[in-house]
Amino acid sequence: MEAPDEVESPDYPLEETKRAKDDAEMVVSEEAITFLSLIEGGRDIGRFCVSVEFAHRAHQPCMLVHAQSQGAIDNSPCGTTVTAYLTADLEVLEEDHHEYVKLDDHILDKRCHMVQCDGQMSIDKVTTDGKEVTRDSVSYSMDALRGLVTEGSNFLLMRLIVLRKKVPEHMNFISFDQKLRIRWTTFRGLEEEQIEIEGETVEVFGMERIVHFVDESPTTWQCYFLPDGHLASRLQVGSPVVMKLLQLPSQKEEAYHKMPLVWEEDIQMRSKFLDRKEELKADHASYLKAHPEIRALISDFLQFLLLKKPNDVFQFAREYFLPFTLDTSQDS
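Residues numbered from 1 in each chain as written. Predicted model: local features only at pLDDT ≥ 70, side-chain atom pairs only at ≥ 80, totals over all residues. Heavy atoms only, no water.

Details of a nonpolar patch on the surface
A grouping of Leu297, Ile298, Leu302 and Phe324 is seen on the molecular surface, where their side chains present a nonpolar patch of about 330 Å² in accessible area. For the nonpolar patch, the leading source of residues is helix α4 (residues 293–308), giving three residues. Inspection of the secondary structure puts Leu297 in helix α4. Taking the relative accessible area as the measure of exposure, Leu297 reaches 30% and is therefore partly exposed. (Patch = residues over 30% accessible without salt bridge, like charges linked within 9 Å, V, L, I, M, F, W, Y side chains within 5 Å. Areas by Shrake-Rupley, 256 points an atom, 1.4 Å probe, with all protein chains shown as cover. Salt bridge = Lys/Arg side-chain N within 4 Å of Asp/Glu carboxyl O. Helix = DSSP H or I, 4+ residues; strand = E, 2+ residues; numbered from the N terminus. Buried < 20%, exposed > 50% of the residue type's maximum accessible area, 1.4 Å probe, protein only.)

Set out below in structure tokens:
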């Protein structure tokens, strides 16, 4: 696995994230953003939201970033979910990145999961294109990932820079491309602009994030933020879709409705579900092993049911099991 040359330490110290606890508006916040299609004349095609909160992972204090988009482009439903657990200096403890597009004849689904353990970052990616499933796995030492910026940590990093009101020069970081190779990511400032949000003109601070590739053109994202760190707009250069803030934070507290939680895409809830599922399976298997008469009883009932083929299955079952009920009553 190839890696870039030694990454230059950014002028902006990542340790500044520790100041986040003193900036509740920046760290613990929630935005509602709408997708606007520039090609389709501003038609609302979906929703994007970001939430940041203090949390614990394996008894370690951290920050939990959850970003989710849902919409439809060219009448094809699509969505992206990012859930990340980050340390105070923006080091990734665990992150799950899931995106999908439902096309007419098949579904394109990509899920990438990375987790840090014993000084290593293990990354697993599963791509499902219709019936074709591709799996990729790679592991890097944490020393090789110094300066790593992922989709999850990117949200917090940009907010911290916004609070400083200045993008330091030579902001070079690393990230992963679609093939899980290490690539350069650079940040630079954009000129401040004025945008209109529900009839009110506000000043916004702009930043540009560029992800460089070897065998293809770089991908560029442009984001604008309110002075308090809330994301105001976000777009990928060359894309017809732009994300724009619906309401100013002070105006949306009662009007904003959360997007429904998709538990399958939440790391904690999915983990709890899988643990509970295995616990129930083991418990049920143990009970069936202790009572072999259950399988015999159900097997006899199904054979008799298929032999008689009654129209009223419920009445048939009632009459079939009625003698067992009478026997139980007499025994008691």
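This is not the end of the story, as more comes after the structure.
What about the packing of aromatic side chains?
Under the counting rule described, the total for this entry stands at nine aromatic pairs. Their ring planes at 85 degrees and their centres at 5.0 Å tell us that Tyr320 and Phe321 sit as a pair that is edge-to-face. Through successive ring pairs, a cluster of aromatic residues spans Phe301, Phe304, Phe316, Tyr320 and Phe321. Against the face of Trp221 rests Arg234, its NZ or CZ located 4.4 Å from the ring centre. (Phe/Tyr/Trp six-rings, centres within 6.5 Å; stacked < 30°, edge-to-face > 60°. Lys NZ or Arg CZ within 6 Å of the ring centre and 35° of its normal.)

Considerations on the pattern of salt bridges
Counted according to the given criterion, the structure contains eight salt bridges. The partner of Asp177 in a salt bridge is Arg183, with the nearest N and O atoms 3.5 Å apart. By relative accessible area, which is 6% here, Arg183 ends up buried. Through salt bridges that share partners, Asp177, Arg181 and Arg183 make up one connected network.

Focus on the nonpolar core
Taken as a class, soluble globular proteins show a tendency for nonpolar side chains to be buried jointly. Ranked by internal contacts, the top residues of the largest apolar core, which has 42 residues, are Ile123, Leu145, Phe176, Phe187 and Met207. Looking at which element gives the most residues to this core, the answer is helix α2 (residues 151–164), with seven residues. (Core = buried A, V, L, I, M, F, W, Y, C linked by side-chain atoms within 4.5 Å.)

Considering unusual backbone geometry
Backbone geometry places Leu90, a non-glycine residue, at a positive phi of 70 degrees. Mapped onto the elements, Leu90 comes out in the loop between β4 (76–86) and β5 (92–102). Classification of Leu90 by relative accessible area gives buried; the value is 5%. Even without glycine at this site, Lys309 takes up a positive phi of about 50 degrees. The exposed category is assigned to Lys309, whose relative accessible area is 62%.

Quick look at the pairing of strand β10 (residues 182–197)
Inspection of the sheet shows strand β9 (residues 171–176) paired to β10 by six bridges, in the antiparallel sense. From the neighbouring strand, Asn172 faces β10, where its bridge partner is Thr186. Here β9 folds back onto β10 in antiparallel fashion, the turn holding five residues, of which Leu180 has a positive phi close to 65 degrees. Alignment of β10 against strand β11 (residues 200–211), held across 11 bridges, turns out to be antiparallel. Within the sheet, the bridge partner assigned to Leu190 lies in β11 and is Gly206. The hairpin formed by β10 and β11 contains two residues between the paired strands, and Glu198 there has a positive phi angle of roughly 50 degrees. (Pairing = 2+ DSSP bridges.)

Focus: α2
Helix length check: α2 (14 residues) gives 21 Å between terminal C-alpha atoms against 20 Å at 1.5 Å per residue, within 8%. With 11 of 14 residues buried, α2 is to be regarded as a mostly interior element. Three or more residues of α2 are buried, namely Gly152, Ser153, Asn154, Phe155, Leu156, Leu157, Met158, Arg159, Leu160, Ile161 and Val162. Of the residues trailing α2, Lys165 is marked for its positive phi of about 60 degrees. (Expected span 1.5 Å × (residues − 1).)

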